[in-house]
Each structure stands twice: as structure tokens, then as C-alpha cells.
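Listed below, chain by chain, are the residues.
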Amino acid sequence: MDVLILFGCITILVLLIAWAKVNTFLAFLIVSVMAALLLGMPASSIPQTVNKGLGETLGSLAIIIVLGAMLGKLVASSGAAQKIASVLKKTFGYKYITWAMSLTGFIVGIPLFYNVGFVLLIPIIFSVAYNYRLPLVYVGLPMLASLSVMHGFLPPHPSPMALVTQFNADLVKTFVYGLIVAIPAILIAGPLFARILINMQSSPTVTLRADELPDNELPGITNSVVSALLPVLIILGTTLITRICSDHKVVVNFAGFIGDPTIAMILTICIATFTLGIRSGKKLIDIMVIYVDATKDIAMILLIIGSAGILKQVFVETGVSNSLAAILQGLTLPPLVLAWLITAVLRLCLGSATVAGLTAAGIVFPLIGPHGADPNLMVLAVGSGSLFCSHVNDSSFWLFKEYLGLSIKQTFLSWSLMETLVSVIGLIGILILNQVLFK
């Protein structure tokens with residue numbers, strides 16, 4: 001009965017979000033309280049569970065997500081993203097322009113959240129397409145495939161970061177494993193798949209050209225790349241130092257402090273504020289305005305993440321997760337495949353990759369212990385499942401369609417199919433990696 005209630009509540013959540021168009025945050029709150037009552041939780045305990053689920057989920061994530069949004073906004077507004085794209089375009093030339101766009105999306109996508117990255121980088125797509133006289137879909141899809149993969153697979157993006165926390169995974173291992181899986185997914189679903197779409201024409205209603213800064217106002221390429229990648233470089237560098245100097249307690253403690261994701265992001269923001277802001281002639285007050293705008297972009301993401309944590313907490317405290325685990329243990333599917341499948345179904349129903357991943361987390365969490373699934377690979381399995389087949393209930397579907405001026409059919413044949421390729425290739429990569437690491 002508990003499992004039926006669980007699936008019933010998820011069905012209601014899907015209907016509220018996808019059919020009734022209820023705000024996702026409100027839908028999560030309503031369903032969480034309803035689930036708690038139906039699963040027999042005392043009414044007096046529900047407020048405490050709500051606060052605990054919200055607080056524990058956001059406690060270790062809010063700072064990282066907000067600072068990540070600030071860094072992404074600064075990378076774009078300072079011209080660093082433009083500089084990266086310009087250098088890659090000159091380096092790769094006409095023949096390999098789709099590879100350049102993939103690499104641009106890969107680099108810039110590390111600090112940028114998908115929706116923010118899309119809006120900020122779409123002018124670059126238009127600029128390159130017009131300069132080379134190429135179809136928008138052919139130029140844009142490889143970059144957006146990279147952005148999507150980075151958003152779904154790799155921390156410090158919201159869903160992967162939340163999954164790392166909820167599954168008690170290792171941040172560095174998850175990132176490294178994610179890179180191994182992400183690169184082939186990006187290459188196949190990006191430049192290679194784009195070749196099939198080279199003749200797909202579009203009729204954008206708004207002609208966007210990049211509002212480019214003069215070359216003499218752009219930051220240097222080293223400054224641009226290092227600033228975009230700095231959080232990752234700090235975390236990976238301090239992890240390496242910790243392992244090399246494991247016998248030196250002071251060094252290990254200091255490296256552990258600097259390498260904490262929150263401290264790494266704080267240091268990055270301080271450094272980037274100078275290197276991409278003040279040194280480029282921006283006033284500090286103008287940089288702060290950029291940061292305020294960045295926080296507006298991710299406010300709802302934070303609320304959705306927190307509210308998804310509430311539902312997970314209800315499932316955990318009422319024991320329904322254990323009941324589901326008992327049923328799942330009887331299935332013959334490997335836990336990584338099962339985690340991917342559950343998340344993919346939720347993605348089809350809910351639309352949002354972040355919501356699908358975070359909703360699935362509470363359901364598949366029991367698979368880590370009894371089945372012995374590696375938590376780092378479980379993060380990636382859920383992440384890849386959350387990208388499966390974006391369609392009409394996903395805002396990214398409409399962003400792609402409207403900006404690039406495509407029909408519904410063209411959007412399914414390009415965007416939806418690309419997302420499906422990314423998800424399936426990701427699962428295959430995860431299963432291969434699992435065999436190599438734990439055979």
C-alpha cells in the first residue's frame with residue numbers, strides 16, 4: 001500500500017505540474033504534505049519534516065548554486081565567453097566549426113546553468129551562423145548538447161550537486177567519471193548528429209546577432225578559460241595535493257579547507273571579480289548589479305531543489321523508500337539501469353531535468369546500499385536519465401524551438417532526439433565504466 005501511495009503521489013505531482021500548470025515549488029509542497037498524511041506520519045511531525053527536508057537539501061547547496069550563477073553571469077558579461085568562442089572559431093575554422101561550438105559549450109557550460117547559458121550564448125550561435133552562412137540548427141545544436149550534458153551530468157550544477165549530497169558520493173570522483181561519460185555523449189549527439197541536420201532550415205522571428213565587445217575590450221584567452229574553470233581547478237588541485245601529501249596533516253587540513261566546494265566558489269568569485277571585472281575597467285558597483293541579476297535567474301531553481309528535498313524526506317522518514325527497495329530487489333534489472341529508467345520516466349512526465357533527477361533521488365536511494373551500486377555512478381545514472389527525450393512539457397524544448405524558428409516536428413527531430421541520444425549514450429558509458437571499475 002505504501003508503494004501505491006508513493007506512485008499515486010508522484011502521479012498527482014506530474015498532473016499538477018504538467019497538466020494543471022501549478023508552480024513546481026507549490027506542487028511539491030502540496031504533494032509532500034499529502035504524502036506524509038497518507039503514509040501515516042503524525043500531523044504534528046509534518047512541519048518539522050518539511051523544514052528538515054528543505055534545510056538539509058539547501059544547506060550545503062545554496063551558496064554553491066548562487067555563487068555559480070554569479071560566476072556564469074560574469075563570464076558572459078565580461079566578454080570571456082565571447083573570447084573563448086572567438087579563439088576556438090579561429091583555431092578550428094569553417095570545416096570544424098561544430099567541434100568548436102561543442103568545445104565552447106563544454107568550457108562555458110561548467111560554470112553556467114543551462115537556461116542561463118542558453119540565453120547568454122544564443123547570440124554567439126547566431127553570430128557564427130551568419131558569419132559562416134550555415135543553418136542555425138547545425139551550428140547551435142553541438143553547443144547546446146554540451147551545455148545540456150554539463151547541466152545534467154556534472155557538479156557543481158544543481159541536480160548533480162544535490163545528488164552527490166543525497167547519495168553521499170565523492171564530488172571529485174563523480175566529476176571525473178562524469179567527464180569520461182560526458183565526452184563521447186557530447187561528440188556523438190553534438191557534432192556528429194549535427195551533420196544529419198545540416199540541411200534543416202529555420203525561420204527565426206527575431207534575428208539575434210551577438211552584441212559583441214571590441215577585441216581590445218575582451219579579456220585574454222588564458223584569463224577567460226582559467227576564470228571559467230577555476231572552481232574545478234581548485235577542487236581537483238587540492239584533492240591531488242591531499243593525496244600526495246597525505247602524511248602532512250597541516251597541508252592536508254589546509255588543502256581540505258581550500259578544496260571544499262563552498263570555499264572554492266568563494267575564492268573564485270573574489271578572484272574573478274578582479275580578473276574579469278575590475279581589471280577590465282568595470283566599477284565594483286556594476287559588478288554587484290551583475291551578481292544581483294544572476295541570483296534572480298536561479299531563485300526558482302533553489303526553491304525547486306529544496307521542495308524536492310522535502311518529498312524525499314517524507315519518503316525516507318515514513319519508510320516507503322525501504323518498501324520500494326524490497327520490491328525493486330526482486331527485479332532483474334541492474335540498479336544503475338533501474339535508476340536510469342525511473343528517472344527517464346519521470347523526465348518524460350515532469351519535463352524538467354532537475355525536477356526529474358531530484359524526485360528520483362528519494363526513490364532510488366535504497367539501491368545504493370542493498371545492491372551495492374557505486375554512489376558516484378548512481379549520480380550519473382540519475383543524471384543521464386534526467387536528460388531523456390525533452391518534449392513539450394520542458395521549457396528548454398520551447399527555448400530551442402522559438403529562438404531557432406523551428407516547427408514542432410523539426411524540434412522533435414533535432415532537440416528531442418539529441419537529448420535522447422545524450423541520455424542513452426550516457427547510460428551505455430556508465431555501464432561500461434561500471435564493468436571496468438568493478439568487474
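Scoring rules and cut-offs
- Position labels on residues start from 1 in each chain and follow its written sequence.
- In keeping with the model being predicted, local features are shown solely for residues with a pLDDT of at least 70 and side-chain atom pairs are shown and tallied solely at 80 or more, while totals for entire chains, interfaces and linings include all residues.
- The basis for every side-chain value is the complete set of heavy atoms in the structure, and neither hydrogens nor water enter the calculation.
- Numbering of helices and strands starts at the N terminus; helices are DSSP runs of H or I of at least 4 residues and strands are runs of E of at least 2.
- Any pair of N or O atoms that falls within 3.5 Å is considered a polar contact. Within protein, one atom must be able to donate a hydrogen and the other to accept it, and sequence-neighbouring residues count only if both atoms are side-chain atoms.
- The contact criterion used throughout is that any non-hydrogen atoms of two residues lie within 4.5 Å.
- Multiply 1.5 Å by the residue count of a helix minus one, and that product is the helix's expected span.
- Here, a salt bridge means any side-chain nitrogen of Lys or Arg that lies within 4 Å of a carboxyl oxygen of Asp or Glu.
- Buried means the residue's accessible area, taken with a 1.4 Å probe over protein chains only, is under 20% of the maximum for its type, while exposed means over 50%, and partly exposed covers the values in between.
- Under this scheme, a helix contributes an axis fitted over its contacting stretch, all axes are lines through C-alpha atoms, and angles between N-to-C directions fall in the 0 to 180 degree range.
- The labels follow the angle: roughly parallel below 35 degrees, roughly antiparallel above 145, roughly perpendicular from 65 to 115, and oblique for the rest.
- Residues were grouped as follows: Ala, Val, Leu, Ile, Met, Phe, Trp, Tyr, Cys and Pro as nonpolar; Asp, Glu, Lys and Arg as charged; and all remaining residues, including Gly, as polar.
- Neither His nor the chain ends contribute to the count of charged residues, in which Lys and Arg are positive and Asp and Glu negative.

Student: Sorry if this is basic, but what is going on with the side chain of Ser78 here?
Tutor: Assignment of secondary structure puts Ser78 in the loop between helix H4 (62–77) and helix H5 (80–92). Only 3.3 Å separates the side chain of Ser78 from the backbone nitrogen of Ala80, close enough to count as a polar contact. Apart from residues no more than four positions distant in its own chain, Ser78 is found in contact with Leu213, Glu217, Pro219, Leu276 and Lys282.

Student: Any chance you could explain helix H15 (residues 299–317) here in plain terms?
Tutor: Since the α-helix packs 3.6 residues into each turn, any two residues three or four apart lie on the same face. In this model, H15 (19 residues) spans 27 Å end to end at C-alpha, consistent with the 27 Å of a helix rising 1.5 Å per residue. Downstream of H15 by one or two residues, Gly319 has phi in the positive range, about 80°.

Student: What is the right way to look at the pattern of salt bridges in this model?
Tutor: Opposite charge on two side chains lets them pair, provided their charged atoms get close. As enumerated under the stated definition, the model contains three salt bridges in all. The partner of Glu419 in a salt bridge is Arg347, with the nearest N and O atoms 2.9 Å apart. Remark: Arg347 occurs in helix H17 (residues 335–350) and Glu419 occurs in helix H21 (residues 408–438); sequence separation between them is 72 residues. Just as Glu419 is buried, Arg347 falls in that class too.

Student: Is there a simple way to explain unusual backbone geometry in this structure?
Tutor: The phi torsion of most residues other than glycine is negative, and most of the peptide bonds are trans. For Asn168, which is not glycine, the phi dihedral falls at a positive 55°. As for its placement among the helices and strands, Asn168 is situated in the loop between helix H9 (158–166) and helix H10 (171–196). According to the relative accessible area criterion, Asn168 is exposed, its value standing at 62%. Not every positive phi belongs to a glycine, and Cys389 is a case in point at roughly 45°. When you line up the elements, Cys389 lands in the loop between helix H19 (375–385) and helix H20 (395–404).

Student: Quick question: what am I supposed to make of the packing of H9 against helix H18 (residues 353–364) here?
Tutor: For any two helices packed against each other, the geometry is given by the interaxial angle and the distance between the axes. Interhelical geometry of H9 versus H18 gives an angle of 10° and a closest axis separation of 9 Å. Between H9 and H18, the angle falls in the class roughly parallel. Contacts between H9 and H18 involve Ser159, Ala162, Leu163 and Gln166 on the former and, on the latter, Ala353, Thr354, Gly357, Leu358 and Ala361. Taken together, the residues that form the contact of H9 with H18 break down as five nonpolar, four polar and no charged.

Student: When you look at the side chain of Asp374 in this model, what are you seeing that I'm missing?
Tutor: Secondary-structure assignment places Asp374 in the loop between H18 and H19. Lacking a salt bridge, the buried Asp374 has Lys173 as its closest oppositely charged neighbour, with an N-O distance of 6.3 Å. A polar contact is formed between the side chain of Asp374 and the backbone nitrogen of Asn376, at a distance of 3.2 Å. Among the polar contacts made by the side chain of Asp374, one reaches the main-chain amide nitrogen of Leu377 at a distance of 3.1 Å. Residue contacts for Asp374: discarding those within four places in its chain leaves Tyr177 and Phe438.

Student: Help me understand the environment of Leu88, please; the structure alone is not making it clear to me.
Tutor: Of note, Leu88 is situated in helix H5. Expressed as a C-alpha distance, the spacing of Leu88 and Met41, which sit 47 residues apart in the sequence, is 56 Å.

Student: Which parts of the structure should I look at to understand the environment of Gly220?
Tutor: Mapped onto the secondary structure, Gly220 falls in the loop between H10 and helix H11 (221–244). Judged by its relative accessible area of 38%, Gly220 is partly exposed. Sequence separation between Gly220 and Leu163 is 57 residues; the distance between their C-alpha atoms is 35 Å.

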